[in-house]
Amino acid sequence: MMDIDHVAALARLKLTDREKEIFSRQVVDIIRYIDKLNELDTSGIEPTAHVLPMKNIFREDEIRASLPRDSALRNAPERDGGFYRVPRIIE
Amino acid sequence: MNIEEARSAVIRGEISPVELAGAVFERIGAVEEKIGSYVSVRKEHALSQAKQAEDSIRSGDTPALPGIPIAVKDNICTKGIKTTCSSRILENFIPPYESTVTQRLGEQGYVLAGKTNLDEFAMGSSTENSFFGRTKNPWDLQRVPGGSSGGSAAAVAADECIAAIGSDTGGSIRQPAAFCGVVGLKPTYGRVSRYGLVAFASSLDQIGPVTKTVRDSAILMNVISGHDPLDSTSAAVDTPDFTSALGRDINGMKIGIPKEYFIEGLDGEVAGAVKEAIKQLETLGAVAVEISLPHTEYAVAAYYILATSEASSNLARYDGVKYGLRVEGDDLIDMYMKTRDEGFGPEVKRRIILGTYALSSGYYDAYYRKAQQVRTLISRDFRKAFETVDLVVTPTTPTPAFRAGEKTADPLQMYLSDIFTISVNLAGVPAISIPCGFTSANLPVGLQIIGRHFDEESVFRAAYAYEQATGWHRMRPRLQE
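Residues numbered from 1 in each chain as written. Chains lettered and ligands numbered in written order. Predicted model: local features only at pLDDT ≥ 70, side-chain atom pairs only at ≥ 80, totals over all residues. Heavy atoms only, no water.

### Considerations on the overall build of chain B
Assigned secondary structure in chain B consists of 15 helices and eleven strands. In summary, chain B has a C-alpha radius of gyration of 21 Å against a globular reference of 23 Å for 481 residues, a match within 12%. Structurally, chain B occupies a C-alpha span of about 65 × 55 × 50 Å along its principal axes. With an accessible surface of roughly 15,600 Å², chain B has 47% of that area assigned to carbon and sulfur atoms. Taking the average place of the 49 positive charges on the side chains of chain B and the average place of its 58 negative ones, the gap between the two points comes to 1 Å. (Helix = DSSP H or I, 4+ residues; strand = E, 2+ residues; numbered from the N terminus. Rg over C-alpha atoms; globule rule 2.2 N^0.38 Å. Areas by Shrake-Rupley, 256 points an atom, 1.4 Å probe, with all protein chains shown as cover. Lys, Arg positive; Asp, Glu negative; His and termini not counted. Charge placed at Lys NZ, Arg CZ, Asp CG, Glu CD.)

Structure representation (structure tokens):
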């Protein structure tokens, strides 16, 4: 069965104990419903990732105007000059 | 007033764009407190757009949307104007760029009436999952407007705009359109650029119009459709003049009625209204035949694996670094985890957990791959059906609008309210919901008309013929005191 602590850590969600209890119960209910997919024999059926008959879309590798750095940084919670500021990563 | 009427009044000089915008803001002022359609309204910005439209008309331009106030769902980026996705995590996000859809609306002279409320990140079917509070159904304030484009549908129904734009991942345009008695179209996947639409489930998301009439839907599709190099999933197909499909008779058109949609759980009054609508289409010359879409009952299960998996990946970007909320923590990982816990609401967290679980090591084949295979079967059902019929006609929803709070405690029941709209997203085909009657409690019922890939024209043709023959679209809610 689902290990909520493991999944929450993978999803980078700090959940309260109450949230863990509620979400595990609800998600397990939903998964029980989803298990009805196993009624279908899908051996040999190609998976569909998306419906358009297209593969990679490339463009010429040429220099084009892009978002000015200042605009890109304007929504940052914390910045330092031309950089995003984050908590210390390397001790 | 609809787009068609407003445009001709503006072009003939009977009303100026500034007066038109003023009238819409007066209406918003009168009813918004009851309905709650909008996350934000920027009156000054709108009036300056209206002024610009006025100047351009005076200099002889006749754009498609001359000063027409249109509301835009708040998950579509508008440069310099807050775009929140009704989430705390983006509460103060001001996009530095414009979505292609609003860019194109702007080129045709539209006025942004405001940004409409949604279920957080478009995850929900009732517009109750918004950080900014729930939107109410203008037909009955105790009931939900549907979701996730509930703000857009309620704003159109309550005349708080002339038309609106929504997005549809599993029914998020069509279901609220049905609940609010308006017209909602989910175009073919790839028809409309999604550049600037905040991603939820990228293989399913599509932008479309919410309008008062079928003609307005076609008018907006003429403006927003077409290939866009900024969206690599936008299809390189020509945009026809969708309005030229309107008014053509439907004599001999074959419509398929899938037996899997008339099942236990379908509300009796909804079934009655839809069956009447099918009779009406037959009276207009269409030939109705029973068909089978045998994998219909698996659509919701496949969808909730695929959509949540894609969402868990797409929403990884909200990390408290580049934009949005940051909650300080002991270290970087703790900062991520606290930011996301406080920034996201319960439904978003629930879906991230489900999607993360489905994609986690050891479960991928059992869930994600399995769901993708079932998606193939569902697509084949439609392909097979469209070998013999031109359109598929169904109810849009199994019930009319439900009461606020009725399904919030049971996520699975909420998910099952999308049972008739989800297959269409999985197959990527276009579908419209149009009003087709009312229940005894005076709640609107929606008729869904589904077409082949890139054949919105047949969808419009049948929808318009039905609309003109019945006139349900002229019904307006009397807002309760």
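### A short note on the interface of chain A and chain B
Between chain A and chain B, the residue contacts involve 49 residues of the former and 68 residues of the latter. Summed over both sides, the interface between chain A and chain B buries roughly 5,200 Å², with carbon and sulfur atoms accounting for 68% of that surface. Linking chain A with chain B are four salt bridges, by the criterion used here. Here A:E19 makes a salt bridge to B:K349, at a shortest N to O gap of 2.6 Å. For the pair chain A and chain B, the number of links is 20 residue pairs in polar contact (both at pLDDT 80 or more). Of all the elements in the fold, those that place two or more residues in the side of chain A that touches chain B are α1 (4–10) and α2 (17–34) of chain A. Of the residues forming the side of chain A that touches chain B, the biggest block, nine residues, is contributed by α2(A). Tallied by class, the residues present in the side of chain A that touches chain B amount to 32 nonpolar, seven polar and ten charged. (Contact = heavy atoms within 4.5 Å. Buried area = accessible area lost by both parts, 1.4 Å probe. Salt bridge = Lys/Arg side-chain N within 4 Å of Asp/Glu carboxyl O. Polar contact = N/O pair within 3.5 Å; in protein donor to acceptor, adjacent residues only side chain to side chain. Nonpolar A, V, L, I, M, F, W, Y, C, P; charged D, E, K, R; others polar.)

### Structural notes on α2(A)
Taking 1.5 Å as the rise per residue, α2(A) with 18 residues should run 26 Å; its terminal C-alpha atoms sit 25 Å apart, in good agreement. Within the sequence span of α2(A), burial applies to A:E19, A:F23, A:S24, A:Q26, A:V27, A:V28, A:I30, A:I31, A:Y33 and A:I34. Summarising the contacts, the buried residues of α2(A) are in contact with α1 of chain A together with α9 (299–314), α10 (332–343), α11 (346–359), α12 (364–388) and α13 (411–416) of chain B. (Expected span 1.5 Å × (residues − 1). Buried < 20%, exposed > 50% of the residue type's maximum accessible area, 1.4 Å probe, protein only.)

### As for the state of the cysteines
Residues and elements named next belong to chain B. One pass over the full model with this rule turns up zero disulfides over all chains. Free of any disulfide, C77 has its nearest cysteine sulfur in C85, 7.4 Å distant. As a non-bridged cysteine, C436 has C180 as the owner of its nearest cysteine sulfur, 15 Å distant. (Disulfide = S-S within 2.5 Å.)

### Digging into the confidence of the model for chain B
Considering every residue of chain B, the mean pLDDT works out to 97; 100% of them sit at 70 or more. On the interface metric, ipTM, the complex scores 0.95, and its pTM is 0.97. (pLDDT = per-residue confidence, 0-100.)

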